[in-house]
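# Residue-level structural notes
Each chain, letter by letter, is given below.
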2 protein chains.
Amino acid sequence: MTRPSEHDLIARYFAPVAGEGGLSLKDDAALISPRPGYDLVLTVDALVAGVHFFPDDPAGSIAVKSLGVNLSDLAAKGADPVGFLLALALPSNWTEEWLEAFASKLGAVARTARCPLLGGDTVRAASGLTISITAIGEVPKGQMVRRTTARPGDRICVTGTIGDAALGLALRGNPDWSSALSAEARHFLADRYLHPQPRNAVAASLRDHAHAAMDVSDGLAGDLAKLVGTAGLGAVIETDLVPLSPAARAALARDPSLLDAILTGGDDYEVLCTVAEEELALFLRSSDRAGVSVSVIGTVTEDPSPPVFRQAGGEQRYGVGSFSHF
Amino acid sequence: MTRPSEHDLIARYFAPVAGEGGLSLKDDAALISPRPGYDLVLTVDALVAGVHFFPDDPAGSIAVKSLGVNLSDLAAKGADPVGFLLALALPSNWTEEWLEAFASKLGAVARTARCPLLGGDTVRAASGLTISITAIGEVPKGQMVRRTTARPGDRICVTGTIGDAALGLALRGNPDWSSALSAEARHFLADRYLHPQPRNAVAASLRDHAHAAMDVSDGLAGDLAKLVGTAGLGAVIETDLVPLSPAARAALARDPSLLDAILTGGDDYEVLCTVAEEELALFLRSSDRAGVSVSVIGTVTEDPSPPVFRQAGGEQRYGVGSFSHF
């Protein structure tokens, strides 16, 4: 079997995904002419087969996740996407079918997010597929939303729903509680694990109203501990206010011990932020207008211990590192 | 053995390498405030254990090569370094000693090149070490030196010396010709393979005087074929004018068949460029002032066949893809 050279592979599969700054992927570098009055925000996330996804996940799903996790970082920083660079280490058994499906879905996500491919590198992997994406976004000068700038008294908000992806991953082991779910609910949870939906629509609302933000990739509890911890602060969360999908509620009703997995499991790719009390109504209205659901789940405190999750009958603390992809 | 968390590892080893835009690596993204009147140039290169370097190469050497190959791309585009992002996939047997040596040398190269670490991601590798670096550079608006813009009649120039790295790699197999070399010459060639010396000092001269440029990473012959090929042009090279180090000359004197390896072997990390005849003297003076040796080795032609390498007794053509890391 003859396979295309790196040059042919780029021309065939990746050039169609490229934006203007990618120079048709015929040069050795990408070119960005930054808009006057804007800062650039850069983030890199690497995804490894067997660590961040299953090697036999569909190629298109791997593409959605690879770009999605980076778009999610931009969203949380209040940045609008400009483009991305892709370093792709392919295992020796790659096929053109795989690559076509990967590139095609990558292109679809890139177009939807207005985040074109600007450049990349394709190499042979040591063994498993490894995808490293650097995403570039822009914010009006000085308006990147930091992780480190929460203030005591800020209300803590989170987009979408929490824990679906962790349950979707757990479903692969056919746990007892899965029998309590409809086929539709199981599909929903599995899809939330496979296909992150980055919240780029909320970026402008965050810039306008949030004190601090980060995306939830390593679990709500652990990431909240990082968010307030870097500011030397703490948090109190009302566990009942943490937004759950109907599918997650059904699973939790069958097996209440799933609460830990919901609060500490990874791959939510929602935005966690802190907003001053007096900005809260404006933030909620703005994010609602942007089509992103936001829940208020707690408050930033001056107590630098790990955040407290309160519920009827007690409370629970989870530290940083309750979940990690590393 | 307890090992540091990703958070501790970043704080301990990588925060000291970080520049201002890296926000002490305490945020989820890097921040760049582009200088008015400048474009940004971005490039990504991934290096994989067993493909681009030997897994037991010294950690410091792997660091030098990882950042060096990206700095080399910036140099060839006429861009001055701004900073870089690092995605590091560590094999399960990583040690703190290894990481300390890697980060320390990475920091030394970054400081010398004025190219600080801006952000990164550390993940578990599928098996072997994989390092993906995205480097960002700046050029005055509109002055990035393209790969695609060579013109017929341009003189073809190359920095430094060619073929040393390919011979340094070949030395590891203890070839017959190695006995003709002094210990010093062997060390020189091995070092040229391990430690690329990116030609960032020549970036401004390229901006001012070159029509087209790229760095030589996949062999002079193959990269020249790409450079002129993307412009629909060809080239004639006087093989005797290709600059060789004394060590490479000694090896070639012992085994004349090494010429192919010298002209097609990878990892030179020199800059290949085309310069109009009337700019040539200015370019040579400017690069000399910058401390970078430049040799004029041939001429761009209108014949779109693969470049011709002429020497006493005949000529040779090498196509694109005569060498590839992929």
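## Observations concerning the overall build of chain A
Across its full length, chain A holds 10 helices and 12 strands. The C-alpha radius of gyration of chain A comes to 20 Å, within 12% of the 20 Å expected for a compact globule of 326 residues. Seen through its principal axes, chain A has C-alpha atoms that stretch 65 × 55 × 35 Å. The burial tally for chain A puts 60% of its 326 residues in the buried class. Residue pairs at least 24 apart in sequence account for 85% of intrachain contacts in chain A once pairs closer than 6 positions are excluded. With an accessible surface of roughly 12,400 Å², chain A has 50% of that area assigned to carbon and sulfur atoms.

## Here we look at helix 8 (residues 246-254) of chain B
Residue and element names in this part refer to chain B. Regarding helix 8, the residues found buried are Ala-247, Ala-248, Ala-251 and Leu-252. Along helix 8, the residues classed as buried sweep out an arc of 130 degrees about the axis, all on the same side. Residues of helix 8 that are exposed and point over 90 degrees away from its buried face: Pro-246 and Ala-253.

## Some words on the relation of the copies chain A and chain B
By a simple turn and slide, chain A fits onto chain B: the slide is 0.0 Å along the axis, the RMSD is 0.0 Å, and the turn is 180 degrees. A rotation of that kind, with that shift, is consistent with a two-fold axis.

## Section: the interface of chain A and chain B
At the junction of the two partners, chain A supplies 59 residues and chain B supplies 59 residues. Here chain A packs against chain B, burying approximately 4,600 Å² in sum over the two surfaces, 61% of which is carbon and sulfur. Across the contact surface, chain A and chain B share six salt bridges. Asp-27 of chain B serves as the salt-bridge partner of Lys-77 of chain A, at 2.6 Å between the closest nitrogen and oxygen. The interface formed by chain A and chain B holds 21 residue pairs in polar contact (both at pLDDT 80 or more) in total. When contributions to the side of chain A that touches chain B are tallied by element, the ones reaching two or more residues are helix 1 (6-14), strand 1 (30-32), strand 2 (38-48), strand 3 (80-90), strand 4 (117-124), strand 5 (130-140) and strand 7 (210-216) of chain A. For the side of chain A that touches chain B, the per-class residue count stands at 31 nonpolar, 15 polar and 13 charged. Two strands pair when backbone bridges link them, and strand 1 of chain A and strand 2 (residues 38-48) of chain B are joined in this way by three bridges, in the antiparallel orientation. Counterpart to Leu-31 of chain A in the pairing with strand 2 of chain B is Val-41 of chain B.

## So, helix 5 (residues 183-194) of chain B
All names here are of chain B. Compared with the 16 Å implied by 1.5 Å per residue over 12 residues, the 16 Å span of helix 5 between its first and last C-alpha is a close match. Of all the positions in helix 5, only Ala-185, Leu-189, Arg-192, Tyr-193 and Leu-194 are classed as buried. At its buried positions, helix 5 is contacted by helix 2 (59-76), helix 4 (164-171), helix 8 and strand 9 (270-275).

## Thoughts on the packing of aromatic side chains
A full pass over the atoms with the stated rule returns four aromatic pairs over all chains. Between Trp-98 of chain A and Phe-102 of chain A, the ring centres sit 5.0 Å apart and the planes meet at 15 degrees, which makes this aromatic pair stacked. Residue Trp-98 of chain A and its partner Phe-102 of chain A are both found in helix 3 (residues 96-113); the two are separated by four residues, about one turn of the helix. A cation over a ring is seen here: Arg-35 of chain B above Tyr-38 of chain B, with NZ or CZ 4.1 Å from the ring centre.

## Details of the sheet that holds strand 9 (residues 270-275) of chain A
Strand pairing in a sheet relies on backbone hydrogen bonds, with the paired strands running either antiparallel or parallel. All names here are of chain A. Spatial strand order, 7-9-6-10-8-11-12: seven strands in an open sheet with mixed pairing. A strand with exactly one partner marks an edge of an open sheet, and here the two such strands are strand 7 and strand 12 (314-317). Averaged over all pairs of adjacent strands, the angle between their axes in this sheet comes to 25 degrees, without regard to strand direction. Summarising the sheet, strand 7 and strand 9 pair through six bridges and their orientation is antiparallel. When the bridges of strand 9 are listed, Ala-212 appears paired with Thr-274. Sitting on the sheet, helix 10 (residues 280-289) touches strand 6 (155-159), strand 9 and strand 10 (294-301), and the angle it makes with strand 10 is about 150 degrees.

## Quick notes on the sheet that holds strand 5 (residues 130-140) of chain B
Strand order in the open sheet formed by five strands is 1(A)-2(B)-5(B)-3(B)-4(B), with mixed pairing between adjacent strands. Pairing within the sheet leaves two strands with one partner each, and these edge strands are strand 1 of chain A together with strand 4 (117-124) of chain B. The sheet shows a mean angle of 20 degrees between the axes of neighbouring strands, direction not considered. In the sheet, strand 2 of chain B pairs with strand 5 of chain B via 11 bridges, with the strands oriented antiparallel. Residue Leu-40 of chain B lies in a different strand from strand 5 of chain B, and its bridge partner there is Glu-138 of chain B.

Thresholds, definitions, all that
Residues numbered from 1 in each chain as written. Chains lettered and ligands numbered in written order. Predicted model: local features only at pLDDT ≥ 70, side-chain atom pairs only at ≥ 80, totals over all residues. Heavy atoms only, no water. Helix = DSSP H or I, 4+ residues; strand = E, 2+ residues; numbered from the N terminus. Rg over C-alpha atoms; globule rule 2.2 N^0.38 Å. Buried < 20%, exposed > 50% of the residue type's maximum accessible area, 1.4 Å probe, protein only. Contact = heavy atoms within 4.5 Å. Areas by Shrake-Rupley, 256 points an atom, 1.4 Å probe, with all protein chains shown as cover. Arc of directions from axis to C-beta. Least-squares fit on C-alpha atoms with pLDDT ≥ 70 in both. Buried area = accessible area lost by both parts, 1.4 Å probe. Salt bridge = Lys/Arg side-chain N within 4 Å of Asp/Glu carboxyl O. Polar contact = N/O pair within 3.5 Å; in protein donor to acceptor, adjacent residues only side chain to side chain. Nonpolar A, V, L, I, M, F, W, Y, C, P; charged D, E, K, R; others polar. Pairing = 2+ DSSP bridges. Expected span 1.5 Å × (residues − 1). Phe/Tyr/Trp six-rings, centres within 6.5 Å; stacked < 30°, edge-to-face > 60°. Lys NZ or Arg CZ within 6 Å of the ring centre and 35° of its normal. Axes fitted to C-alpha atoms, helices over the stretch in contact; angles between N-to-C directions.

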